[in-house]
Amino acid sequence: MSNFNVRRAAVLGAGVMGAQIAAHLVNAKVDVILFDLPAKDGPKSAIAIKAIESLKKMNPAPLGHADLAAFIRPANYDDDLGELRTCELVIEAIAERTDWKHALYAKVGPHLKADAILATNTSGLPITKLAEGVDPAIKARFCGVHFFNPPRYMHLVELIATHQTQADVLDRLEAFLTSTLGKGCVRAKDTPNFIANRIGTYGMFATVAEAAKFGLNYDVVDDLTGEKMGRAKSGTFRTVDIVGLDVVGHVMKTMQESLPGDAFAGLYETPEVITTLIGKGALGQKTKAGFYRKDDKAILRFDPAKGDYVPAGGKADEIVARILKKKDPAERLKLLRESGNPQAQFVWAVLRDGFHYAACKLEEIADNARDVDLAMRFGFAAAQGPFEAWQAAGWKQVADWIKSDIDEGKAPVNVALPGWVFDGPVAERGGVHQQEGSWSPVRREFVARSKQPVYNRQLFPVSLAGENAATGHTAGNTLFEDDSIRLFTLHGRGVDDVVVASIRTKAHAIGPGVISGLLRAVEIAEREYQGLVIWSPDDPFSYGADLQAMLPVFMSGGAGAIGEAEKQLQDAMLRLRYAQVPTVAAVAHMALGGGCELALHCARRVAHLESYIGLVEVGVGLIPGGGGLAYGARRAAELSGAAPDAQLLDFLKRFMMAAATAQVSRSAIEAQAIGYLLESDQVVFNRNELLYAAIREAKAMSDAGYRAPRRAPFRAAGRSGIATISAQLANMRDGGLISAHDFHLGRTIAEVMCGGDVEPGSLVNEEWLMALERKAFTSLLTHPKTQERIMGMMQTGKPVRN
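What comes next is a walk through the structure. (Residues numbered from 1 in each chain as written. Predicted model: local features only at pLDDT ≥ 70, side-chain atom pairs only at ≥ 80, totals over all residues. Heavy atoms only, no water.)

Time to look at the overall build of the protein chain. Across its full length, the protein chain carries 28 helices and 23 strands. For 802 residues, the compact-globule estimate of 2.2 N^0.38 gives 28 Å, and the protein chain sits close to it at 28 Å. Along the first, second and third principal axes, the C-alpha atoms of the protein chain reach 85 × 65 × 60 Å. Residue burial in the protein chain is summarised as follows: out of 802 residues, 57% are buried. When the accessible surface of the protein chain is totalled, it reaches about 32600 Å², and 52% of it is carbon and sulfur. Distance between charge centres in the protein chain, computed from 90 positive and 92 negative side chains, equals 2 Å. (Helix = DSSP H or I, 4+ residues; strand = E, 2+ residues; numbered from the N terminus. Rg over C-alpha atoms; globule rule 2.2 N^0.38 Å. Buried < 20%, exposed > 50% of the residue type's maximum accessible area, 1.4 Å probe, protein only. Areas by Shrake-Rupley, 256 points an atom, 1.4 Å probe, with all protein chains shown as cover. Lys, Arg positive; Asp, Glu negative; His and termini not counted. Charge placed at Lys NZ, Arg CZ, Asp CG, Glu CD.)

What follows covers the state of the cysteines. One pass over the structure, following the stated rule, counts zero disulfides. Unpaired in terms of disulfides, Cys185 finds its nearest cysteine sulfur in Cys143, a separation of 10 Å. For the unlinked cysteine Cys754, the closest cysteine sulfur is that of Cys596, found at 19 Å. We classify Cys754 as buried; its relative accessible area is 0%. (Disulfide = S-S within 2.5 Å.)

Let us look at the sheet that holds strand 10 (residues 298-303). Through backbone hydrogen bonds, the strands of a sheet pair up, either in parallel or in antiparallel fashion. One open sheet holds the three strands; their spatial order is 9-10-11, and the pairing between them is antiparallel. Two strands in the sheet have a free side with no partner beyond their single neighbour: strand 9 (292-295) and strand 11 (308-311). Neighbour to neighbour, the strand axes of the sheet diverge by 40° on average, direction disregarded. Looking at chain direction, strand 10 and strand 11 are connected through four bridges and run antiparallel. Paired with Arg301 across the strands is Val310, a residue of strand 11. (Pairing = 2+ DSSP bridges. Axes fitted to C-alpha atoms, helices over the stretch in contact; angles between N-to-C directions.)

The next subject is the pattern of salt bridges. Scanning the entire structure with this criterion turns up 58 salt bridges. Where Glu92 meets Lys101, a salt bridge forms, and the shortest distance between an N and an O atom there is 2.4 Å. Linking Arg635 and Glu638 is a salt bridge whose minimum nitrogen-to-oxygen distance equals 3.0 Å. Pair noted here: Arg635 and Glu638 are both in helix 21 (residues 628-640), with a separation of three residues, about one helical turn. Several salt bridges share partner residues, and in doing so they unite Glu210, Arg337, Arg352, Asp353 and Asp405 into one network. (Salt bridge = Lys/Arg side-chain N within 4 Å of Asp/Glu carboxyl O.)

This next bit is on the pairing of strand 8 (residues 184-188). The side chains of a regular strand alternate, first on one face of the sheet and then on the other. Among the five residues of strand 8, four are classified as buried, and the element is accordingly described as predominantly covered. Of the strand pairs in this sheet, strand 7 (residues 156-160) and strand 8 are connected by five bridges, and their pairing is parallel. Note on strand 8: the bridge partner recorded for Ile160 is Ala188. A crossover connection joins strand 7 to the parallel strand 8 through helix 5 (residues 167-180); in handedness this β-α-β unit is right-handed. (Right-handed = clockwise from strand over helix to strand, strands pointing away.)

Before going further, it helps to spend a moment on the nonpolar core. Residues Phe291, Phe387, Trp390 and Trp420 are the most contacted members of the largest nonpolar core, which totals 113 residues. Here this core takes 13 residues from helix 13 (residues 342-365), the largest share from any one element. Setting aside residues no more than four positions away along its own chain, Trp390 makes contact with Phe355, Ala359, Trp395, Val398, Ala399, Ile402, Leu417 and Val421. Core analysis: the next-biggest nonpolar cluster, separate from the first, contains 87 residues, Ile503, Ala591, Ala636 and Val752 among them. (Core = buried A, V, L, I, M, F, W, Y, C linked by side-chain atoms within 4.5 Å. Contact = heavy atoms within 4.5 Å.)

A few words on the environment of Ala69. Along the polypeptide, Ala69 turns up in the loop between helix 2 (46-55) and strand 3 (72-76). Its relative accessible area of 5% is what places Ala69 among the buried residues. When near neighbours in sequence (up to four residues on either side) are disregarded, Ala69 contacts Ile52, Lys56 and Leu63.

Right, let's talk about the packing of aromatic side chains for a bit. Following the criterion strictly, the structure yields 21 aromatic pairs and no others. Taking 5.4 Å as the distance between ring centres and 65° as the angle between the ring planes, the aromatic pair formed by Phe302 and Tyr309 counts as edge-to-face. For the residue pair Phe302 and Tyr309, the accessibility class agrees, reading buried in each case. Considering the side-chain rings of Phe655 and Tyr676, the 5.5 Å spacing of their centres and the 75° angle between planes classify their relative orientation as edge-to-face. Here Tyr676 lies in the loop between helix 23 (668-674) and strand 21 (682-684) and Phe655 lies in helix 22 (residues 645-660), a separation of 21 residues in the sequence. Residue classification places Tyr676 among the buried residues on the basis of a relative accessible area of 1%. Three or more aromatic residues link up through ring pairs in this structure, and these residues are Phe355, Phe387, Trp390, Trp395 and Trp420. The positively charged end of Arg429 is found above the aromatic ring belonging to Phe446, 5.2 Å away from the centroid. Lying over the aromatic face of Phe488, Arg486 brings its terminal NZ or CZ to 4.2 Å of the ring centre. (Phe/Tyr/Trp six-rings, centres within 6.5 Å; stacked < 30°, edge-to-face > 60°. Lys NZ or Arg CZ within 6 Å of the ring centre and 35° of its normal.)

Turning next to the packing of helix 19 (residues 547-577) against helix 28 (residues 784-796). Between helix 19 and helix 28, the shortest axis-to-axis distance is 11 Å and the interhelical angle comes to 135°. It follows that helix 19 is oblique to helix 28 by the angle criterion. Like other packed secondary-structure pairs, helix 19 and helix 28 cross with a definite hand, here left-handed. Only Gln787, Met793 and Met794 of helix 28 make contact with helix 19, whose side of the interface consists of Leu547, Gln548, Leu551 and Phe554. (Parallel < 35°, antiparallel > 145°, perpendicular 65-115°, else oblique. Left-handed = near helix turned anticlockwise from the far one by under 90°.)

Take unusual backbone geometry next. With an omega of 5°, the peptide bond running from Asn59 to Pro60 counts as cis. Positionally, Pro60 belongs in the loop between helix 2 and strand 3. Here the amide bond leading from Asp539 into Pro540 is cis, since omega sits at 5°, within 30 degrees of zero. Along the polypeptide, Pro540 turns up in the loop between strand 18 (531-534) and helix 19. Residue Arg444 is not a glycine yet carries a positive backbone phi of 60°. Considering the arrangement of structural elements, one finds Arg444 in the loop between strand 13 (437-440) and strand 14 (445-447).

Looking now at the packing of helix 6 (residues 196-214) against helix 14 (residues 369-380). Any two packed helices are characterised by how steeply their axes cross, that is the angle between the axes, and by the distance between the axes. Interhelical geometry of helix 6 versus helix 14 gives an angle of 75° and a closest axis separation of 9 Å. Taken as axis vectors, helix 6 and helix 14 run roughly perpendicular relative to one another. For the pair helix 6 and helix 14, contact is made by Ala196, Asn197, Ile199 and Gly200 and by Val372, Ala375, Met376 and Phe380, respectively. In terms of residue class, the contact of helix 6 with helix 14 is made up of six nonpolar, two polar and no charged. (Nonpolar A, V, L, I, M, F, W, Y, C, P; charged D, E, K, R; others polar.)

Remember that the coordinates give geometry; whether it matters functionally is a separate question.
Put into C-alpha cells, the structure is as follows:
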C-alpha cells in the first residue's frame, strides 16, 4: 500500500461540520482551503471567513489553539477552484441534498489532482447514489467518510465504498484518518445511515416508545440511559439536544424514506414530540431549548402533555440504580427483566430492543459484529457495543429471553432473531467475539482484525468482551509490581529494551509508593535497558499529589514532615531529569499539579492531543512543590539566553501566570504555547498509538547517543522581578479579578521563580529554587485560607474560592 501524504486538503462547505473538519485537519498540521458559496455582500469568501472566525469562539474548542485558524484559507467557488489542484484530499460537507451535491461534484471535478481522493461527509445518503454525479474518471477515488460531531473529539469515522471505489483508496484514507487525525475507522456497508446512526437512531425510536409505554419522563430516562447504563453521561434526550433535533429528525427521515419495506419500519416514524419541538423552533442546545431549557440556573424539561416546560431533576429509583451497579452482567440483566419496577422493565426493554435490532441488521449494515460494536463505542461513547454487552451477560440465555419476549408480544416488532444466533459457531462458542475474530454472517466465519500496517502502532487496541486480548494492565514481562506501580517490558514491533512504568493508584495520584516505584524504574532502566517510559493504559496521566496520603503525615509530623516528603518528591523529579537513559512521559488526558511536574522533569514528552496539562495547586491554596516552579525558572533562563533581564522576566511571567491562575491547557498544542510542552515534544492524535510512539522516542534518543543534561546554574530575575510581578498581581486584586489569598499565592510563586531575595541576574540552581518551594509550601499548609481550600477539595472535589 502506498503512503497517503496529505500536505493540503480542501473542505467544501463551511457549515458547522465542514468548518470543524477543517479545524481538526489544521490541528494535525494539514493546511486547509475552506470553500463555500460566494457572498452577495463584502468579500467574496465572506461565508468561509465568518466560519473560520467562529471556530475561535466555539466551546468545546475545535482548534487545538486559536492561532491555528490562520492555516485555514477561506475560498469561494467562483474564484478559487484552481486551488484544488494543490490538494491531495477533498472532503465535501454541504447540506444533505443529493442534487446539490451532484452539482458541486460537476463544478469541482475538472479541477482535482489526478490522484486526489474525493470524499463525502454525508451522514446517511447512499454513497452509490452520490457517486452517480461524479465524473467517471474520479469514481474510483470517491467514497464516504462520515465524521461524527464534534470531529475533534468524537473518535468514530465511518468509511463507505461504492462498488467502483478502489480498495487502495480506502486503505490509504484509513491509515491517514487513524494515525494523522487519530480516528477509529469502521468500514460500513452503503446502507441508510450506515452503522452507528442506524443502530443509534433505532435506539432512539425504541427509547421513546418504551418510555411512553412505562410512563417515564425525559429526565428520568436520561438518568437511566446515561452513565448508569455505561453510555454517554448526557443520556438519550440531552444527547439529542446536543446533536440538534433538526439533525436527528433528518436522520430519522432518511430511515423512513430509504427503508419503507423494512420489517422494523413501523417504529421508524418520527416521534410526535420531536415534530412538535422542531415546529416550535426548539432545536436543542443551539437554540437554547429542546427537550430541556435553562432558565437562569433552573433546568426545565419539556412536558408533552402541557406543551410547555416544567422543572427537571427526576432520577432513577434507588432499587434500579442498585441493580445497574451489579458487576455481573448476567445477574444485572436477570434482575432487570424479572423486576416489577417500571424503570427496571424499561431498561431491560431498551437493551432487548437494541440487541434484537443489531442481530437482525448485522448482515445488512456491516461485515462483522466487531464493526457494529466499535461504531457504537466510538460514535456514541458506549462502554460496550450491543453484541459484547449481550455476550458478556450469557449469549444463549439472553437470546432465549429475547425470543420469549418476541413470542409473547412484549417486543415492539414481531421479527424473529436470525438463525445464526441459535445455531452454528456463534451459539456453540457463546458469542460473536472470539480470540481469532468476530462473526460475519455473510462469510459464515469469525473475521480477524485488519492487518493494515498502521495498526502495528497500536500495541493495545480497543478490545471487545470475548476477544480475550492482551491489555496494558497485564501484558509484557513484569519486572516489579505492587499496589502503586507496575514496571514491565514489551517485545516485538520495535518496542523492546525499554522499561514501562504504569501508575496504579486512584487517579494515578503520586504518593510515596509511586515515588519509590519510579526511582526503582530508573535504576533498572539505567542498569539493563535503553530508556524509561511512564505510561498508563487508562486515563488520566496523573491528577498529582495524593492529598489523602498527605493529611495523616501532616497530622502526625506537622509541616516539617511534609517538607521531608516534598524533598523526596523533588529528588525523584531530579533523578528522572538527570537519568543516564532517556525518560519519556506518555501523557494523555489530565496531567495536573504533580502529574504536570512529573511530565516536565522527563527528558521528553509524547502527548496525546487531548492532554490537559497545568499546575493547579493554587486551587487548594498551595504552590507547586514538586519542582514545577524551578523548572519554569530554568526554562525561562534557557529561552532568554544572554538577553537583558527584562526579556528574562517576560519569559518568566508567562509560566508564572499560568501557575498563579491554575491555567490548564485545552490541548497538547496549547500546552506547547504555555510552555508545559516543548515544540520538540511529539503530539500524537491517536490515544492507542501513544505507548508505541513513546517507546520509539526513547529508543531513538538512546540510539542517537543520549546523554543527560548538565546540572548548570542559570540566571534569576531576583527581587526586582518579584516587585514587577507583585505590582501586576496587586492590580488584579484591586480590580476584583483575584482574592487576597490568590494575591498571596501569586506573590509566593513569584518569589520562588525569581530566586528569592537576590540581585537580578544572580546565578541559582534547581536545588536552590526547590528549597524555596519547600519552605513556601510548608508555610502555606498552616495558613487558614489554605486549609479551607484543602478541606473543601477533599470533601466536595471542587476548588474553594476564598
